[in-house]
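If you want the building blocks of each chain, they are given just below.
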Amino acid sequence: MLKFNGYHHGKKEEDFSGQKLRTLPSSLLDKGKDLVKVDLQRNRLRQVNGIAHLWNLVELNLSRNELVEFPLEIKDLGNLVKLYMNQNSIKIIPEEIFPSLKKLQFLKINTNRLTKLPSDLNRCQSLVYLNLSNNSLKDLQPLVGLRRLKELYVENNQLVELPRALFRASALAVLKVNGNALPEEVCAGGLKDLQSFYSMLDDSSCSVCTLKTMFLGATMAGKSTLCRSLREGEPVPVAEADRTVGIEICEVDQDGVRFLYWDFAGQEEYYITHHVFITPQAFVILAVDLSSYDSKDPSSFREKVGFWINNIQLKVPNSVVLLVGTHVDQCEVEGEMMKKKNDIQEKVQQMLLDRRESLQQQRKNLEELEDVSLFSEQMREIQRLEEYKLKVLDLIPIDCTKSEDIVWLQNHIKDLVSDKETFPFMEQTLPQCYQQVESTVHELVSDGDVPRHGIMNHDDLLEYLQNKHSELDHEKMRLILQYLHRIGIIMWYMEIPDLKDMVFIKPSFLISLFKAIVRHDLVSVLGSISSRELKSENALQVHRSRWINDFKSRATLSNVAIRILVRKELQQSGIDDQEMIEEIVGTKKKTGNLLTLVQHFDVCLPTKQNAPLNPEAQEFSPNRKWEASSPVVYDLEGGCLFPSGLTNNNQVQDQWGQDNLEDINVQVYFSPEIPHGFFHRLVIRICSLYSTYWIGQNQCLFSCGSKRVLLREHLTEDGDQFIEIRGKNSDVMDSADLQKMWDVIKVVMMRLARLVQQWRGLYQFVHSPCKQRGCSEYFEWRDWQDWLDQSGSEKFNMVSEEKMTCRNGHTRRTELLFPVSSCVNLRD
């Protein structure tokens, strides 16, 4: 934490925050030189005439006002050390202000409308901290020469490059530049990666236009027809039997722009794998079947458009989305197409407006709380979400049976991507070595120097590449590999510990593995397994029937069936090396790489292998030491459970029983909604930690010792969406038992918080409902992430009171509502 010098002890401070002031009060100006600190944030000030009278000020806070012009009088406040001007509407800062502020060390002017900086800003030589995030800046040259600057924040601007001289400032320790037209993987790494990246730039560096283009949309929307037609430049009909299974990838070069087309299957069964391949800074083409679209049926918009816009906004909220209306040739009624187009566009714009207004209202609600500081993390999270700007372009109706329509769409897309306002990240200046390493990777594949499955050990790949490019050290090569991952040339999940040593040189192979078992026609494919294929695993037709029934009724798939299906997929891909196949699909004695992959991507969960009771086990007696006997070993067939395929909660409800008002009850609300598949992925992560669990369609019960915890997903189309975490309480539980229950719930909250990070546009807040029957009030959690971050024996106290009272006057013990460190007596 930075320390700032210059405060004068014994001087006065004034707090006028949140008083709806439009002008500076005379009572403030009359105090003149006696004041050293004034807080005027959260008012309605548009000008601050007379502020120069407070010439002895050391700290001034003018954030969250309505300032459009930077106040000229501030240049007369020569003693200022800290200045807050953030969250106004300032468009320009005049020259000759900052050279007068010779003592200024701290400046926040983020979240304004600045398009450029005054050229003399670098004459403010005492600056240590500077926040310029969330503006529209395109050039940081005026910052070069700030020798004492330690922290610089310029996130979410319009920067396409940074001055190389900026990195020569020896004091600079923190640099945040996310959300600009710069390579995202470099920005995410902070100052160290930025320095490494810019050290690779030289005169041979060139501008590169590469765009990962993702084709999304509901099943039979015409995505594959659209994708293949754009690739060929002419209509390419696609039969229903030939529609996409999983994902298809191809590369298209058009007028200097390299498009990497990713065609995602639209059937719901495939949604659980989409998160593996969707990456930021992408162009999304959303196909909408206009012929079957019904403007009078709300579910039609929700399924064909709304669902996809919401998921894009949650997963990659800074993307650009082009709506393309397909099957225009089947719209027979005159004017029908335009009516549907206008209806879709109006509803999409309303969706985006509702999202912005919802965030604004949530921020306003927090600002009006008595002590906003208790919710500072939540406030910052809302502000972060407000900075995202999903761009949804006007819908383009296309008849994919006409060559002129395909050519027109190609040219339209070319015009779109050349617009820097729409695609600020389109053209990026990259070091020449980026292209050289990419070429080496392509040569590695084409020369057959990698296994046919395209999976390489990270260290082996690194050694190979560094032998070819000895001038690149480990850190520089890591940045290049991350870039190749983002644009889809390779897949490298360095953030997943168990996968970080594995690089997929052929992403198409990874897709082939997934589509072998995650597919819309899985039951049909299981039924087509031949007798010869069954015999390869010593299986019979009766086993095949069991596999089909198990998948239909319990959403489980036998490991034997998985091995057969994947082996078949690999052989169809031209891989017939049995040793390699066994490495991927495994054997009866050893799990293959595939199961490790699908489990780490939260697609499925290993089924429990419950062995029969051991008849030779020693009988338990409370008065005698019990020793475990050698277990009887049973050769049981394993399998995988796919929670997304479950259709009821019967088993969970039978085990849980009835809810109790005194149960520990935590409700995690999601805005704008719970992402598709989120609950099942959370369930997989939780159940991998515990041996005893029951999973249903939207419920999950697990046990940790004697503690039972229920997860329940609440989904409504128009109402709030939340996940309920309920711990079973009983009359015999004491404070120590309650603390243990909170410890288990903490594990759930930690897994939930980490999973949420994969959806950049998602916001969540937490309530504990009042326990009085019929009461709809609740107790709001403060910055609960602090509780998750606690380590060691000391626990986090969310509140200090022993009892809490809701707005309707109902009082309950705090230990039943919030996690606390020391609990009071159980009895009231």
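Structure first, text after, so check above.
Residues numbered from 1 in each chain as written. Predicted model: local features only at pLDDT ≥ 70, side-chain atom pairs only at ≥ 80, totals over all residues. Heavy atoms only, no water.

### Concerning the overall build of the chain
Line of reasoning, step 1. Each helix and strand in the chain was counted, giving 23 helices and 30 strands.
Line of reasoning, step 2. In the chain, which comprises 828 residues, the proportion classed as buried is 55%.
Line of reasoning, step 3. Considering only intrachain contacts with a sequence separation of at least 6, the fraction spanning at least 24 residues in the chain is 60%.
Line of reasoning, step 4. When the accessible surface of the chain is split by element, carbon and sulfur atoms take 45% of a total near 38800 Å². (Helix = DSSP H or I, 4+ residues; strand = E, 2+ residues; numbered from the N terminus. Buried < 20%, exposed > 50% of the residue type's maximum accessible area, 1.4 Å probe, protein only. Contact = heavy atoms within 4.5 Å. Areas by Shrake-Rupley, 256 points an atom, 1.4 Å probe, with all protein chains shown as cover.)

### Some remarks on empty space enclosed by the protein
Line of reasoning, step 1. Throughout the structure, instances matching the rule amount to five cavities of 30 Å³ or more.
Line of reasoning, step 2. Roughly 110 Å³ of volume is contained in the second largest cavity.
Line of reasoning, step 3. Lining the second largest cavity are 13 residues, and of these Thr210, Phe425, Gln428, Arg486 and Ile487 lie nearest its centre.
Line of reasoning, step 4. Elements with a contribution of two residues or more to the lining of the second largest cavity: β9 (206–216), β15 (427–430) and α12 (474–487).
Line of reasoning, step 5. Broken down by element, the residue count for the lining of the second largest cavity peaks at four residues, all from β9. (1 Å grid on protein atoms, 1.4 Å probe; cavity = no way out; pocket = protein on both sides within 12 Å on 5 of 7 lines; lining within 4 Å. Points joined across faces, edges and corners; volume = space filled by probe spheres on them.)

### Describing the side chain of Glu537
Line of reasoning, step 1. By the secondary structure assignment, Glu537 is in the loop between α15 (531–535) and α16 (541–554).
Line of reasoning, step 2. Discounting residues that sit within four places of it in the chain, Glu537 has contacts with Val560, Arg563, Ile564, Arg567 and Lys588.

### Considerations on helix α11 (residues 458–468)
The α-helix advances 3.6 residues per turn, and as a result positions three or four apart in sequence lie on the same side.
Line of reasoning, step 1. Taken as a whole, α11 has its buried residues at His458, Leu461, Leu462 and Leu465. For α11, the buried positions fall inside an angular range of 100° around the axis, keeping them on one side.
Line of reasoning, step 2. Against α10 (432–446), β16 (455–457), α12, β17 (491–492) and β18 (502–504) lie the buried residues of α11.
Line of reasoning, step 3. Where α11 starts, the residue carrying a side-chain oxygen 2.9 Å from the main-chain nitrogen of Asp459 turns out to be Asn457. (Arc of directions from axis to C-beta. Polar contact = N/O pair within 3.5 Å; in protein donor to acceptor, adjacent residues only side chain to side chain.)

### Thoughts on the sheet that holds β16
Line of reasoning, step 1. The three strands are arranged β16-β18-β17 in an open sheet whose pairing can be described as antiparallel. If you trace the sheet from one side to the other, it starts and ends with β16 and β17, each paired once.
Line of reasoning, step 2. In this sheet, β18 lies alongside β17 in antiparallel orientation, the contact comprising two bridges. Bridging from a neighbouring strand, Trp492 pairs with Val503 of β18.
Line of reasoning, step 3. Across the sheet, α11 is in contact with β16, β17 and β18; its angle to β16 comes to roughly 80°. (Pairing = 2+ DSSP bridges. Axes fitted to C-alpha atoms, helices over the stretch in contact; angles between N-to-C directions.)

### What to know about the pairing of strand β24 (residues 699–704)
Line of reasoning, step 1. The buried count for β24 comes to five of six residues, which makes it a mostly enclosed element.
Line of reasoning, step 2. Where strand β23 (residues 692–695) and β24 come together, four bridges link them in antiparallel fashion. Across the sheet, Tyr693 pairs through a bridge with Phe702, a residue of β24.
Line of reasoning, step 3. As paired elements, β24 and strand β25 (residues 707–714) share six bridges and run antiparallel to each other. Along β25, the bridge assignment pairs Phe702 with Val709.

### As for unusual backbone geometry
Line of reasoning, step 1. With an omega of 5°, the peptide bond running from Ser671 to Pro672 counts as cis.
Line of reasoning, step 2. With respect to the helices, strands and loops of the structure, Pro672 is situated in the loop between β22 (664–671) and α21 (678–687).
Line of reasoning, step 3. Of note in the backbone geometry, Lys20 takes a positive phi value of approximately 60° without being a glycine.
Line of reasoning, step 4. Relative to the helices and strands, Lys20 is located in the loop between β1 (12–15) and α1 (26–29).

### Quick look at the environment of Leu172
Line of reasoning, step 1. For Leu172, the position within the fold is in the loop between β7 (151–153) and β8 (174–176).
Line of reasoning, step 2. For Leu172 and Leu146, which are 26 residues apart along the polypeptide, the C-alpha to C-alpha distance reads 9.3 Å.
Line of reasoning, step 3. Setting aside chain neighbours within four positions, we find Leu172 in contact with Leu149, Lys150, Glu151, Leu152, Leu166 and Leu191.

### Comments concerning the pattern of salt bridges
Line of reasoning, step 1. The full count for this structure, using the stated rule, is 26 salt bridges.
Line of reasoning, step 2. The shortest N-O distance in the salt bridge between Glu66 and Arg46 comes to 3.0 Å. Of the two residues, Glu66 is situated in the loop between β3 (59–61) and β4 (82–84) and Arg46 in the loop between β2 (35–39) and β3; the sequence distance between them amounts to 20 residues.
Line of reasoning, step 3. Classification of Glu66 as partly exposed rests on a relative accessible area of 27%.
Line of reasoning, step 4. Among the charged side chains, a salt-bridge network with shared partners connects Asp659, Asp663, Arg712, Glu724 and Arg726. (Salt bridge = Lys/Arg side-chain N within 4 Å of Asp/Glu carboxyl O.)

### Brief notes about the packing of aromatic side chains
To describe a pair of aromatic rings, one takes the distance between the centres and the angle between the planes.
Line of reasoning, step 1. All told, the structure shown has 19 aromatic pairs when counted by the stated rule.
Line of reasoning, step 2. Judged by centre distance (6.0 Å) and plane angle (50°), the rings of Phe259 and Tyr261 are tilted. In this structure, Phe259 and Tyr261 share a single accessibility class: buried.
Line of reasoning, step 3. Here Trp742 and Trp781 contribute two aromatic rings whose centre-to-centre distance is 6.1 Å and whose plane-to-plane angle is 55°, an arrangement assigned as tilted. Taken together, the residues Trp742 in helix α22 (residues 735–756) and Trp781 in the loop between β28 (778–780) and α23 (785–789) connect sequence positions 39 residues apart.
Line of reasoning, step 4. Of the residues examined, Trp742 reaches a relative accessible area of 1% and is grouped as buried.
Line of reasoning, step 5. Ring pairs connect the aromatic residues Tyr84, Phe106, Tyr129 and Tyr153, which therefore count as one cluster.
Line of reasoning, step 6. In this arrangement the basic side chain of Lys82 is found over the ring face of Phe106, its NZ or CZ atom lying 4.7 Å from the centre.
Line of reasoning, step 7. A cation sits over an aromatic face here: Lys212 above Trp262, 4.2 Å from the ring centre. (Phe/Tyr/Trp six-rings, centres within 6.5 Å; stacked < 30°, edge-to-face > 60°. Lys NZ or Arg CZ within 6 Å of the ring centre and 35° of its normal.)

### Side note on helix α19 (residues 593–600)
Line of reasoning, step 1. Those residues of α19 not exposed but buried are Leu594, Leu595, Leu597 and Val598. The arc that holds the buried residues of α19, viewed along the axis, is 160°, so those residues lie on one side.
Line of reasoning, step 2. Directly beyond the C-terminal end of α19, a positive phi value near 60° is found at Asp602.

### Digging into the state of the cysteines
Line of reasoning, step 1. Summed over the entire model, instances satisfying the criterion amount to zero disulfides.
Line of reasoning, step 2. No disulfide involves Cys775; its sulfur sits 3.8 Å from the nearest other cysteine sulfur, which is in Cys770. (Disulfide = S-S within 2.5 Å.)

### Thoughts on the sheet that holds strand β20 (residues 605–606)
Line of reasoning, step 1. Ordered in space as β19-β21-β20, the three strands form an open sheet in which the pairing is antiparallel. The open sheet has two free edges, formed respectively by β19 (556–558) and β20, since each of these has just one partner strand.
Line of reasoning, step 2. Of the pairings in the sheet, the one linking β20 to strand β21 (residues 639–641) comprises two bridges and is antiparallel in character. Each residue of the ladder has a partner; that of Leu605, found in β21, is Leu641.
Line of reasoning, step 3. Across the face of the sheet, helix α17 (residues 559–572) comes into contact with β19 and β21 while running at roughly 70° to β19.

### Things to note about the side chain of Arg813
Line of reasoning, step 1. Position of Arg813 relative to the elements: it lies in strand β30 (residues 811–813).
Line of reasoning, step 2. Here Glu815 takes part through its side chain, which lies 2.8 Å from a polar atom of the side chain of Arg813.

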